[in-house]
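A closer look at the structure
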Amino acid sequence: VLLAGGQGTRLGVDGPKGAYNIGITRPLYIFEQQMKNLTDVVEECGAYIPLYVMTSEKNHGETVAFWQEHDMFGYPASEIKFFVQDMAPAVDFEGKIYLESKDYPALSPNGNGGWFSSMLRCDVVKIAKEAGIEWLNTFAVDNVLQRIADPVFVGATINSGCTVGAKVVKKNAPDERVGVICLKDNHPSIVEYYELTDELMNAKNEKGEPAYYFGVILNYLFRLDELISIAKDKMPLHIVEKKISYYDDALGKTVKPEKPNGYKFETLVLDMIQLSESCLPFEVVREKEFAPIKNPTGIDSVESARELCKACG
Ligand code: UTP
């Protein structure tokens, strides 16, 4: 399940983030690279893996058109299903709802935690069940070194008897912007980076290493039957500062802010770990599997991802 409903506000491009060209000597779109990664496994196992792509109302039409223009990046169209995630209103710092036009609220995708409820609503769960699918591999659009349907990860998770597998990497700094895996009330859980207190961030274990050393890279395996049984549980809402475009009545036009100007309310896929029975944290080599693209330059950027891709050949 490819999560591509985000708005990529930090990258600052209009349209789907997956349509961003990260090529140096020739065009290479993020979606294209992801499909190359998936195709590695298809070639290895001699079978197509169904792909469900989550979009949002903001980018659905453009995303589908982009895939069609690129001939589904060589994947059979019959194996791909697009579905649209739910939306939620966004507010200013005082809590007043922003407007998108004079008589319509500014709605944003409701966070990547909305993926399964949206899949249920769009009947994609029914399609997956009918296809005999037992596990779903959920992953972010913006990690171009992502290993998708990684057979070793699938095998390790099944062998462990856990109902969830989470790929993790050693954090490169205490304040790296990744969610950290931990035990909360003796149960596997993940704390998102912007909710990690300084005390937890700098805590050390008896070996003197960071106590919360492992960050998730948004690549999970979930058992479909467990997802169905926890789907009715309430997910916590996270309040996130973001740049929100809004209609300014006085100016009579839409304003695109340069810096965060309000809050979005998001559910996060990482909260599903707390709802699940058990979780296998599965460490991978970050230089080989983690090249996130969040910003145009600097940390977790197009530049850093290009360097990591080059180093991986
Ligand atoms: P991020 O949390 O980095 O958000 O998404 P984003 O919207 O892409 O980027 P910023 O924060 O505005 O710069 C992590 C993953 O979750 C997906 C994104 O597409 C990405 O794959 N996502 C995020 C959704 O599918 N839906 C959402 O509502 C939010």
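Quick summary incoming for the structure in this document. Source: prediction; values computed, not measured.

1. Quick notes on the packing of aromatic side chains
Any aromatic ring pair is given by two values, namely how distant the centres are and how the planes are angled relative to each other. Overall, the coordinates contain 15 aromatic pairs when judged by the stated rule. Consider the rings of phenylalanine 66 and phenylalanine 73, whose centres lie 6.1 Å apart with planes at 45°: the pair is tilted. Exposure class is identical for phenylalanine 66 and phenylalanine 73. Each is buried. Taken together, Tyr29, Phe31, Phe66, Trp67, Phe73 and Phe82 form an aromatic cluster joined through their ring pairs.

2. Section: the pattern of salt bridges
On inspection of all chains with the given rule, the structure shows 12 salt bridges. Here glutamate 176 makes a salt bridge to arginine 286, at a shortest N to O gap of 2.8 Å. With glutamate 176 in the loop between β10 (164-170) and β11 (180-184) and arginine 286 in helix α9 (residues 286-289), this pair connects stretches of sequence that are 110 residues apart. We note that glutamate 176, like arginine 286, is buried. Look at the salt bridges and you will find they share partners, linking Lys17, Asp142 and Lys294 into a network.

3. Re helix α5 (residues 151-160)
Looking at where α5 begins, the residue whose side-chain oxygen comes 2.9 Å from the main-chain nitrogen of valine 152 is aspartate 150. Positive phi shows up at glycine 161, right after α5, with a value of about 80°.

4. Quick look at the site of the ligand
Inspection of the region around the ligand gives 21 residues, with Leu3, Thr9, Gln85, Lys242 and Lys294 positioned closest. Separating an oxygen atom of the ligand from a backbone N or O atom of valine 141 is a distance of 2.8 Å. Contact with the protein chains hides 93% of the accessible area of the ligand, taken as 560 Å² for the molecule alone. For the shell around the ligand, the residue count by class is seven nonpolar, nine polar and five charged.

Calculation notes
- Residues numbered from 1 in each chain as written.
- Predicted model: local features only at pLDDT ≥ 70, side-chain atom pairs only at ≥ 80, totals over all residues.
- Heavy atoms only, no water.
- Phe/Tyr/Trp six-rings, centres within 6.5 Å; stacked < 30°, edge-to-face > 60°.
- Buried < 20%, exposed > 50% of the residue type's maximum accessible area, 1.4 Å probe, protein only.
- Salt bridge = Lys/Arg side-chain N within 4 Å of Asp/Glu carboxyl O.
- Helix = DSSP H or I, 4+ residues; strand = E, 2+ residues; numbered from the N terminus.
- Polar contact = N/O pair within 3.5 Å; in protein donor to acceptor, adjacent residues only side chain to side chain.
- Near = heavy atom within 4 Å.
- Areas by Shrake-Rupley, 256 points an atom, 1.4 Å probe, with all protein chains shown as cover.
- Nonpolar A, V, L, I, M, F, W, Y, C, P; charged D, E, K, R; others polar.

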